[in-house]
Amino acid sequence: MKTALLPTFFAAASLLFSSMSFAIELDSAKEQGLVGEQTDGYLGAVVSQSDVLALIKEVNAKRKDKYNQLASKNNLTLEQVEKLAAKKAYEKTTAGHYVLVNGNWVKK
């Protein structure tokens, strides 16, 4: 991976996480402990409800599209971008919100 491209990736990843079209619903779902960040750069269901699963599906589809764009633009693999995005998401997760650790949901 080209380390010179990391600042570009992180700037784009920050935009991704701050400008999602589901910001209100996503923030609410995180506050309520319904969703959390996974180690693969995508959201996961802490609580399995149809509306939560629909939100996750839509947000994750948008994330994957963005990750593919970033990978292509920065000559990285999708897996590399997903790992970087997961790391960034974990760092940005607010205290009290869920993250997946060793296969278990834990509050940060």
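Given the structure is predicted, the values throughout are model-derived calculations rather than measurements. (Residues numbered from 1 in each chain as written. Predicted model: local features only at pLDDT ≥ 70, side-chain atom pairs only at ≥ 80, totals over all residues. Heavy atoms only, no water.)

A. Inspection of the nonpolar core at higher detail. If you look at the biggest cluster of nonpolar residues, it comprises nine residues: Leu26, Ala29, Leu34, Val35, Leu43, Val52, Leu55, Ile56 and Val59. Among the secondary structure elements, those contributing two or more residues to this core are α2 (23–31) and α3 (50–73). The element that contributes the greatest number of residues to this core is α3, accounting for four residues. Residues Tyr42, Tyr67, Leu76 and Ala85 belong to the second largest nonpolar core, which totals eight residues. (Core = buried A, V, L, I, M, F, W, Y, C linked by side-chain atoms within 4.5 Å. Buried < 20%, exposed > 50% of the residue type's maximum accessible area, 1.4 Å probe, protein only. Helix = DSSP H or I, 4+ residues; strand = E, 2+ residues; numbered from the N terminus.)

B. Structural context of helix α4 (residues 78–92). Along its 15 residues, α4 runs 21 Å from first to last C-alpha, staying within 8% of the 21 Å computed at 1.5 Å per residue. Every buried residue of α4 is accounted for by Leu78, Val81, Glu82, Leu84, Ala85, Ala86, Lys88 and Ala89. (Expected span 1.5 Å × (residues − 1).)

C. Molecular detail of the packing of α3 against α4. Taken N-terminus to C-terminus, the directions of α3 and α4 make an angle of 115°; their axes are 9 Å apart at the nearest point. Crossing hand, α3 versus α4: right-handed. Between α3 and α4, the residues in contact are Lys64, Tyr67, Asn68, Leu70 and Ala71 and Leu78, Val81, Glu82 and Ala85, respectively. In terms of residue class, the contact of α3 with α4 is made up of six nonpolar, one polar and two charged. (Axes fitted to C-alpha atoms, helices over the stretch in contact; angles between N-to-C directions. Left-handed = near helix turned anticlockwise from the far one by under 90°. Contact = heavy atoms within 4.5 Å. Nonpolar A, V, L, I, M, F, W, Y, C, P; charged D, E, K, R; others polar.)

D. Geometry of the sheet that holds strand β1 (residues 35–37). Taken in spatial order, the four strands make up an open sheet running β2-β1-β3-β4, and their pairing is mixed. Strand pairing shows two members of the sheet lacking a second neighbour, β2 (43–45) and β4 (104–107), which therefore form its edges. Ignoring which end each strand starts from, the neighbouring axes of this sheet average 45° apart. Here β1 pairs with strand β3 (residues 98–101) via two bridges, running parallel. (Pairing = 2+ DSSP bridges.)

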